[in-house]
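# Overview (structure and organization)
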Amino acid sequence: MNTFIKNLLLVLILLLGITGLGIYWTFYRTLPNYEATHTLQGLNEEVEIHWDSYGVPHIYAKNKDDLYYSLGYVHAQDRLWQMTLTQMASEGRLAEFLGKDLIQADLFQRTLGFWETAKQMEARLPDSTRRILQRYTDGVNSYVQQHPNQLPLEYTLVDMEPIPWTVTHSLALARMIAWELNIAWKNELSLAYLSQHLSQQQFQELLPNNEFLTSAGKNNLKADPKNTRHVAGRPCTQKSVKSGRI
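## Some words on the pairing of strand 1 (residues 48-52)
With respect to burial, strand 1 is a largely interior element, four of its five residues being buried. As paired strands, strand 1 and strand 2 (residues 57-60) are joined by four bridges and run antiparallel to one another. Note on strand 2: the bridge partner recorded for Trp51 is Pro57. What sits between the antiparallel neighbours strand 1 and strand 2 is a turn of four residues, in which Gly55 has the positive phi angle 80°.

## Quick notes on the nonpolar core
The nonpolar side chains of a soluble globular protein tend to be buried with one another. Core analysis: the largest hydrophobic core is formed by 27 residues, its most contacted members being Ile49, Leu80, Met88, Val140, Tyr155 and Met160. Looking at this core, the elements that each hand over two or more residues are strand 1, helix 2 (64-91) and helix 6 (127-146). For this core, the element with the most residues is helix 2, which contributes nine residues. Grouped together as the second largest cluster of nonpolar side chains are seven residues, Trp115, Leu125, Leu133 and Leu171 included.

## Considerations on the packing of aromatic side chains
Two aromatic rings, taken as a pair, are described by how far apart their centres are and by the angle between their planes. Evaluated as defined, the whole model comprises four aromatic pairs. Centroid distance Trp81 to Tyr155: 5.1 Å. Interplanar angle 85°. Geometry classified as edge-to-face. Of the two residues, Trp81 is situated in helix 2 and Tyr155 in helix 7 (residues 153-158); the sequence distance between them amounts to 74 residues. Considered together, Trp81 and Tyr155 belong to a single accessibility category, that of buried residues. Summarising the aromatic geometry, the rings of Phe108 and Trp179 are spaced 6.5 Å apart at their centres and angled 65° between planes, so their arrangement reads as edge-to-face. Of the two residues, Phe108 sits in helix 4 (residues 103-112) while Trp179 sits in helix 8 (residues 167-181), which places them 71 residues apart along the sequence. On the basis of relative accessibility, which here comes to 26%, the residue Trp179 falls in the partly exposed class.

Rules used throughout
- Residues numbered from 1 in each chain as written.
- Predicted model: local features only at pLDDT ≥ 70, side-chain atom pairs only at ≥ 80, totals over all residues.
- Heavy atoms only, no water.
- Buried < 20%, exposed > 50% of the residue type's maximum accessible area, 1.4 Å probe, protein only.
- Helix = DSSP H or I, 4+ residues; strand = E, 2+ residues; numbered from the N terminus.
- Pairing = 2+ DSSP bridges.
- Core = buried A, V, L, I, M, F, W, Y, C linked by side-chain atoms within 4.5 Å.
- Phe/Tyr/Trp six-rings, centres within 6.5 Å; stacked < 30°, edge-to-face > 60°.

Put into C-alpha cells, the structure is as follows:
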C-alpha cells in the first residue's frame with residue numbers, strides 16, 4: 001500500500017511538473033525581459049528605454065536614426081502579432097493565413113486600396129521621411145531575427161511566420177487608421193438613405209435643433225483664463241518601474 005501511494009505521488013508530481021513546464025513554455029517564455037541589455041548591430045550609440053507603470057516605453061537616444069530603430073524594435077517586442085494582423089488586413093491577405101471565411105473582408109480591403117495607395121505614397125516619399133521609416137522598419141525586423149524562439153503564441157496557433165515589415169506597411173497602416181477615424185461618411189450615407197425614404201417632416205425630426213448656436217449662446221462662448229492650463233514640453237517625470245538598454 002505504501003508503495004502504491006509513493007508511486008501515485010510520484011506520478012502526480014511528474015504530471016504537475018510537465019504541466020508547469022508546458023504553461024511556462026507556452027505563455028511565459030515569449031514575454032519580453034524589460035530589464036535586459038541587448039547588443040544590436042543596427043545601433044550607432046547606446047539607447048536607454050524605460051517603461052513606466054502603465055507599460056509605456058520612454059526611449060532616450062542620442063540621434064534620430066537610433067531613436068526610430070529602437071521604436072521599431074520595441075513595437076515588435078510588445079505588439080508583433082497585432083502588427084502582423086495589420087499587414088494581412090492592409091494587403092487584403094487575411095484569408096490566406098486565417099481561412100476562407102475572411103475572403104469577403106479581403107475583397108473589401110482590396111477595394112478600398114490601402115496597399116496600392118501606400119505604394120503610391122512610398123514612391124513619392126522625401127528622402128528624409130524614407131530614412132526615418134526605413135530605420136523603424138529595420139528595428140522591427142531586427143527584433144524578429146534576434147528572437148525567433150520568443151514569438152507570440154498566435155504564430156504557433158495559425159502555423160505561420162512573421163511577415164517582414166516594410167516601409168509600405170507603415171504607410172498602409174497610417175491609411176487604415178485614417179479610415180477608421182473618419183466615421184463621418186457612415187453618417188452621411190445613413191442620412192442620405194433616410195432622406196430618400198422618409199417624409200421631410202419625419203427627416204427633420206431626426207436632426208438636432210441647433211438654433212441656440214445662432215443666438216446668445218454662440219456669442220458667449222469665451223475661454224476662461226482661470227481654467228486654462230499650459231503644458232510645456234518637458235521630459236517625463238513619472239517614476240519608471242522597468243528599464244532596459246539595447
